[in-house]
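For reference, the chains in residue letters:
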Amino acid sequence: YEISLDELAGCISAPLQEDSRLLGQALNAWLHTLNKENRAIFLRRYWFGDSVKDIAAATGLTENTVSVRLGRLREKLKAYLYKEGYYE
């Protein structure tokens with residue numbers, strides 16, 4: 001989990017206690033904007049802690065493709081959270 005959480009550090013700063021519920025709602029809303037495959041890739045990595053190798057094997061994608069998608073998804077998440085006011 002440590003590696004996958006480090007990857008998200010640039011997207012999600014530690015919220016204040018009162019903001020954590022709102023951040024959770026924003027994350028859920030963002031996840032619903034993704035297609036099924038990208039949502040599954042994101043959740044497998046950052047919720048379940050699966051390795052890139054395991055995600056690639058499960059989805060039939062290459063490890064490089066999974067890594068690139070995860071990078072793009074993190075950028076999209078950061079942009080979404082910026083738009084929602086979590087970053088100034």
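Our structure's up above, just so we're on the same page.
Note that the coordinates shown come from a computational prediction; the quantities given were computed from them, not determined experimentally.

**Student:** Can you tell me about the packing of helix α4 (residues 52-59) against helix α5 (residues 63-83), naming the residues and giving the values?
**Tutor:** For the pair α4 and α5, interaxial distance at closest approach is 8 Å and the crossing angle is 110°. Classified by the interaxial angle, the pair formed by α4 and α5 is roughly perpendicular. Of the residues in α5, those in contact with V52, K53, I55, A56 and T59 of α4 are E63, V66, S67 and L70.

**Student:** Describe α4, naming the residues involved and giving the relevant values.
**Tutor:** Turning to α4, its buried residues number three or more, namely V52, I55 and A56. Taken down its axis, α4 places every buried residue within 100° of arc, on the same side. Exposed residues on α4 whose side chains face more than 90 degrees from its buried face are K53 and A57. Each element contacted by the buried residues of α4 is listed here: α3 (36-46) and α5. Looking one or two residues beyond α4, the residue adopting positive phi is G60, at roughly 80°.

**Student:** How would you summarise the packing of aromatic side chains if you had to cite specific residues and measurements?
**Tutor:** Taken as a whole and assessed by the stated rule, the structure comprises two aromatic pairs. Ring centres 5.0 Å apart and planes at 70° place the aromatic pair W30 and F42 in the edge-to-face group. Placement of W30 in helix α2 (residues 17-31) and of F42 in helix α3 is noted, with a sequence separation of twelve residues between them. Here W30 matches F42 in class, with each residue buried. Between the aromatic rings of F42 and Y46, the centroid separation amounts to 4.8 Å while the plane-to-plane angle is 55°, which identifies the pairing as tilted. Highlighted residues: F42 and Y46, both in helix α3, separated by four residues, approximately one helical turn. An identical accessibility class is assigned to F42 and Y46; each is buried.

**Student:** Summarise the pattern of salt bridges; cite the residues concerned and give the values.
**Tutor:** Taken as a whole and assessed by the stated rule, the structure comprises two salt bridges. In this structure, R69 and E37 form a salt bridge, with 2.7 Å as the shortest nitrogen-oxygen distance. Taken together, the residues R69 in helix α5 and E37 in helix α3 connect sequence positions 32 residues apart. The class of R69 is partly exposed, set by a relative accessible area of 23%.

**Student:** Can you tell me about the packing of α3 against α4, naming the residues and giving the values?
**Tutor:** Close contact between α3 and α4 brings their axes to 10 Å; oriented N to C, the two are set at 150°. Overall, the two elements α3 and α4 adopt an arrangement that is roughly antiparallel. The handedness of the crossing between α3 and α4 comes out as right-handed. The residues of α4 that touch α3, namely those facing E37, I41, R44 and R45, are V52, D54, I55, A58 and T59. In terms of residue class, the contact of α3 with α4 is built from four nonpolar, one polar and four charged.

Conventions used here
Residues numbered from 1 in each chain as written. Predicted model: local features only at pLDDT ≥ 70, side-chain atom pairs only at ≥ 80, totals over all residues. Heavy atoms only, no water. Axes fitted to C-alpha atoms, helices over the stretch in contact; angles between N-to-C directions. Helix = DSSP H or I, 4+ residues; strand = E, 2+ residues; numbered from the N terminus. Parallel < 35°, antiparallel > 145°, perpendicular 65-115°, else oblique. Contact = heavy atoms within 4.5 Å. Buried < 20%, exposed > 50% of the residue type's maximum accessible area, 1.4 Å probe, protein only. Arc of directions from axis to C-beta. Phe/Tyr/Trp six-rings, centres within 6.5 Å; stacked < 30°, edge-to-face > 60°. Salt bridge = Lys/Arg side-chain N within 4 Å of Asp/Glu carboxyl O. Left-handed = near helix turned anticlockwise from the far one by under 90°. Nonpolar A, V, L, I, M, F, W, Y, C, P; charged D, E, K, R; others polar.

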